[in-house]
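The primary structure of each chain is shown beneath.
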Amino acid sequence: MTALTGPPPRREPSSVLPWLAVPALILFVGFAVIPLLGVFALSFTTWDGIGTIHPSGLTSWRAVLTDPGLPHALWVTFLVMAVSWAVQTPLSILLGTFMAGRQRYRAVLGVVYFVPLMLSSAAIAIAYKALLDPNFGLGAGLKIQTLSQDWLGRPWLAFGVVIFVVSWQFVPFHSLIYQGGVQQIPKSLYEAAQLDGAGRIRQFFSITLPQLKYTIITSSTLMVVGSLTFFDLIFVLTEGGPGDATRVLALDMYKRGFQASLMGPASAIAVILVLVGLALALLLRRLGGRDAGASQLEGA
């Protein structure tokens, strides 16, 4: 007689889940970790991008850290980061809260308003550059003197244009994040507030904003770290000018590496950008005060 065999033992889900992350881990190592290590190694060399790579020790780092243009590029980078955050965050919260309503037209507006994010940054920069041209742009066509200024030829006007265009493109993305956060807030909180006689403004400041604390941390992290990589939009729109008024660190890296053929110093700047981004991300995570996984329970 053959022995009766039962069904094969079931694997616990906890033993299978780690293997599901292996493909993503391989991609991350292959396309993020290894290139980053290569850039770090390249920062200790002298290379023009074509010829032979020559090890040069700390030569590239000395050239970058002693360059008087580095503090200015860092200042402009942090200024763009801070001002764009201060502009985008309130607008994104208000628009996200508005689009979280139940009216049908709000969903249509949400879809239409999301269109700028799907456009290329270079294409957006070309369009705005043409619109703001003082001789052939929108102001000259409509014969409005206020719009016919040299927007990209004056330092603070050019800086303001960069902030406006960046906000115009990326506010829809962060509005979508806040829309999802608002929709997770229990309706019972608003019902209780209405019974206590709280109006919409009081509900917004007493319920919506506190419940969006960790959504704000997430959005701010994406916004701050993403602002370190602004390159194509600024390159096409102002090329870092007028003068060096909009020369951010990412643009400085490009000009050193691909225009001056100094791949060593450019790689050193790339490493600095990564370190600054990691430091800011860890700082914002620390401000959150709890694990990212726990933040998914927000509003519960």
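**Digging into the nonpolar core**
Soluble, globular proteins show a tendency: their nonpolar side chains are buried together.
Phase 1: Among the nonpolar cores identified, the biggest contains 21 residues, and Val80, Val161, Val165, Leu233, Ile234, Leu237 and Val248 are the most heavily contacted of them.
Phase 2: Elements represented by at least two residues in this core include exactly helix H4 (69-99), helix H6 (121-131), helix H8 (155-183) and helix H12 (232-237).
Phase 3: Tallying contributions element by element places H8 first for this core, with six residues.
Phase 4: Those residues within four positions of isoleucine 234 in sequence are excluded, and the remaining contacts are Val162, Glu239, Gly240, Thr246, Val248 and Leu251.

**Observations concerning the packing of aromatic side chains**
Phase 1: By the definition in use, this model includes 11 aromatic pairs.
Phase 2: Seen from their ring centres, tyrosine 128 and phenylalanine 164 are 5.9 Å apart, and the 80° between their planes marks the pair as edge-to-face. Placement of the pair is tyrosine 128 in helix H6 and phenylalanine 164 in helix H8, with a sequence separation of 36 residues.
Phase 3: Judged by relative accessible area, which is 15%, tyrosine 128 ranks as buried.
Phase 4: Residue class for phenylalanine 164 comes out partly exposed when judged on its relative accessible area of 49%.
Phase 5: Here the aromatic rings of phenylalanine 231 and phenylalanine 235 are separated by 5.5 Å at their centres, their planes lie at 20°, and the arrangement is stacked.
Phase 6: Under the relative-accessibility criterion, phenylalanine 231 is labelled partly exposed at 24%.
Phase 7: Among the aromatic residues, those joined into a cluster by ring pairs are Phe231, Phe235, Tyr254 and Phe258.

**Quick word on the environment of threonine 66**
Phase 1: Checked against the element boundaries, threonine 66 lands in the loop between helix H3 (59-65) and H4.
Phase 2: Only 2.4 Å separates the side chain of threonine 66 from the backbone oxygen of arginine 62, close enough to count as a polar contact.

**Focus: the layout of surface pockets**
Phase 1: What the largest pocket holds in volume is close to 630 Å³.
Phase 2: Lining of the largest pocket is provided by 18 residues; of these, Thr97, Gly101, Tyr190, Arg200 and Gln203 occupy positions nearest its centre.
Phase 3: Along the lines of polarity and charge, the residues of the lining of the largest pocket split into seven nonpolar, six polar and five charged.

**A few points about helix H11 (residues 213-227)**
Phase 1: With 15 residues, H11 should reach 21 Å at 1.5 Å per residue; the first-to-last C-alpha distance of 21 Å fits that figure.
Phase 2: Those residues of H11 lying buried are Tyr214, Thr215, Ile216, Ile217, Ser219, Ser220, Thr221, Met223, Val224 and Ser227.
Phase 3: Looking at the buried residues of H11, the elements they touch are H4, H8 and helix H14 (263-288).

**Section: unusual backbone geometry**
Outside of glycine, negative phi angles account for most residues, and trans bonds account for most peptide bonds.
Phase 1: With an omega of -5°, the peptide bond between glycine 241 and proline 242 qualifies as cis.
Phase 2: Even without a glycine there, the phi angle at serine 261 is positive, about 55°.
Phase 3: Examined against the element boundaries, serine 261 turns out to sit in the loop between helix H13 (249-259) and H14.

Cut-off values and rules
Residues numbered from 1 in each chain as written. Predicted model: local features only at pLDDT ≥ 70, side-chain atom pairs only at ≥ 80, totals over all residues. Heavy atoms only, no water. Core = buried A, V, L, I, M, F, W, Y, C linked by side-chain atoms within 4.5 Å. Buried < 20%, exposed > 50% of the residue type's maximum accessible area, 1.4 Å probe, protein only. Helix = DSSP H or I, 4+ residues; strand = E, 2+ residues; numbered from the N terminus. Contact = heavy atoms within 4.5 Å. Phe/Tyr/Trp six-rings, centres within 6.5 Å; stacked < 30°, edge-to-face > 60°. Polar contact = N/O pair within 3.5 Å; in protein donor to acceptor, adjacent residues only side chain to side chain. 1 Å grid on protein atoms, 1.4 Å probe; cavity = no way out; pocket = protein on both sides within 12 Å on 5 of 7 lines; lining within 4 Å. Points joined across faces, edges and corners; volume = space filled by probe spheres on them. Nonpolar A, V, L, I, M, F, W, Y, C, P; charged D, E, K, R; others polar. Expected span 1.5 Å × (residues − 1).

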